[in-house]
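Each chain, written out:
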Amino acid sequence: LVTAIPNDAYTFHHWEQDLTGTAPTGTVTMTGNRTIRAVFASKPPGRRLCVPTSYPTIQAAIDAATYNDTVCIEAGTFSGDGFHDLVFPRDHITLDGAGKADTTINLANAHRLAEFDNLSGMQITDLTIANGAADKGGAIKIDMKSELALSNVRIHDCTSTSYGGAIYLSNNDS
């Protein structure tokens, strides 16, 4: 019998690997080596992980984030490694700028911001995405039933070599 016990700032979210489900207590039959992982979420509204004050890049903040966390991107223009081709390892993360006139992510005509693949509860708010370039979706690519909400986001001067100069949607039922 295994029980996941979160500290005060978190709630239990789900089990992964050799134990599945969303109940905080589960049973694992030991017939050999087993690996289980308890996944926790920040209690709403979650933590605010600020770039660049607390984390040097957006990717570094995303890597530290868990469910319900917000990566706050302070005022400024950001580019370079860790600010493009972002990888989200989990759902329910918000990227929140200081305002579309104040926070710009410059993709240097060589990258997209992110590809969202089978992720739910994702949000991007209050920022500008500029100068993206990719094969599909110069700024953002959304695949495989992902949920992404954009609010107060400006996308400009993004190009694609095939489809979706700004945003490309593929295999998305939502």
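Above this text you will find the structure in question.
Model, not experiment: these values are computed from the prediction.

Participant: How would you summarise the state of the cysteines if you had to cite specific residues and measurements?
Facilitator: Under the definition given, this model contains one disulfide. Two residues, Cys-50 and Cys-72, share a disulfide whose sulfurs are 2.1 Å apart. One quick way to see it: the torsion about the S-S bond of Cys-50 and Cys-72 is about -130°, and its sign makes the bridge left-handed. Here Cys-72 lies in strand β6 (residues 70-73) and Cys-50 lies in strand β5 (residues 48-51), a separation of 22 residues in the sequence. With relative accessibility at 19%, the residue Cys-50 sits in the buried group. The exposure class of Cys-72 is buried, given its relative accessible area of 5%.

Participant: An account of the environment of Asn-171 is needed here, citing residue identities and associated values.
Facilitator: Note on placement: Asn-171 falls in the segment after β16 (167-170). For Asn-171, a relative accessible area of 55% translates into the label exposed. In the structure, Asn-171 is positioned 81 residues away from Arg-90 in sequence and 19 Å away in space, judged by C-alpha atoms. If near-sequence neighbours (up to four positions away) are discounted, Asn-171 is found in contact with Met-144 and Lys-145.

Participant: Explain the sheet that holds strand β10 (residues 114-117) residue by residue, including any values.
Facilitator: An order of β10-β13-β16 is seen for the three strands of this open sheet, with the pairing classed as parallel. Both outer strands of the open sheet, β10 and β16, are each paired with one neighbouring strand and no more. With strand direction ignored, the average angle separating the axes of adjacent strands in the sheet is 10°. Of the strand pairs in this sheet, strand β13 (residues 140-143) and β16 are connected by four bridges, and their pairing is parallel. Pairing of Ile-142 across the sheet is with Leu-169, part of β16.

Participant: Please set out unusual backbone geometry residue by residue, giving values where relevant.
Facilitator: Residue Val-51 is joined to Pro-52 through a cis peptide bond whose omega torsion reads 5°. Locating Pro-52 in the fold gives a position in the loop between β5 and α1 (58-64). A positive phi angle is found at Asp-126, which is not glycine, with a value near 55°. Residue placement: Asp-126 occurs in strand β11 (residues 122-130). The backbone of Asn-152 shows a phi angle near 55°, a positive value even though the residue is not glycine. Looking at the secondary structure, you find Asn-152 in strand β14 (residues 148-156). Under the relative-accessibility criterion, Asn-152 is labelled partly exposed at 36%.

Conventions we followed
- Residues numbered from 1 in each chain as written.
- Predicted model: local features only at pLDDT ≥ 70, side-chain atom pairs only at ≥ 80, totals over all residues.
- Heavy atoms only, no water.
- Disulfide = S-S within 2.5 Å.
- Helix = DSSP H or I, 4+ residues; strand = E, 2+ residues; numbered from the N terminus.
- Buried < 20%, exposed > 50% of the residue type's maximum accessible area, 1.4 Å probe, protein only.
- Contact = heavy atoms within 4.5 Å.
- Pairing = 2+ DSSP bridges.
- Axes fitted to C-alpha atoms, helices over the stretch in contact; angles between N-to-C directions.

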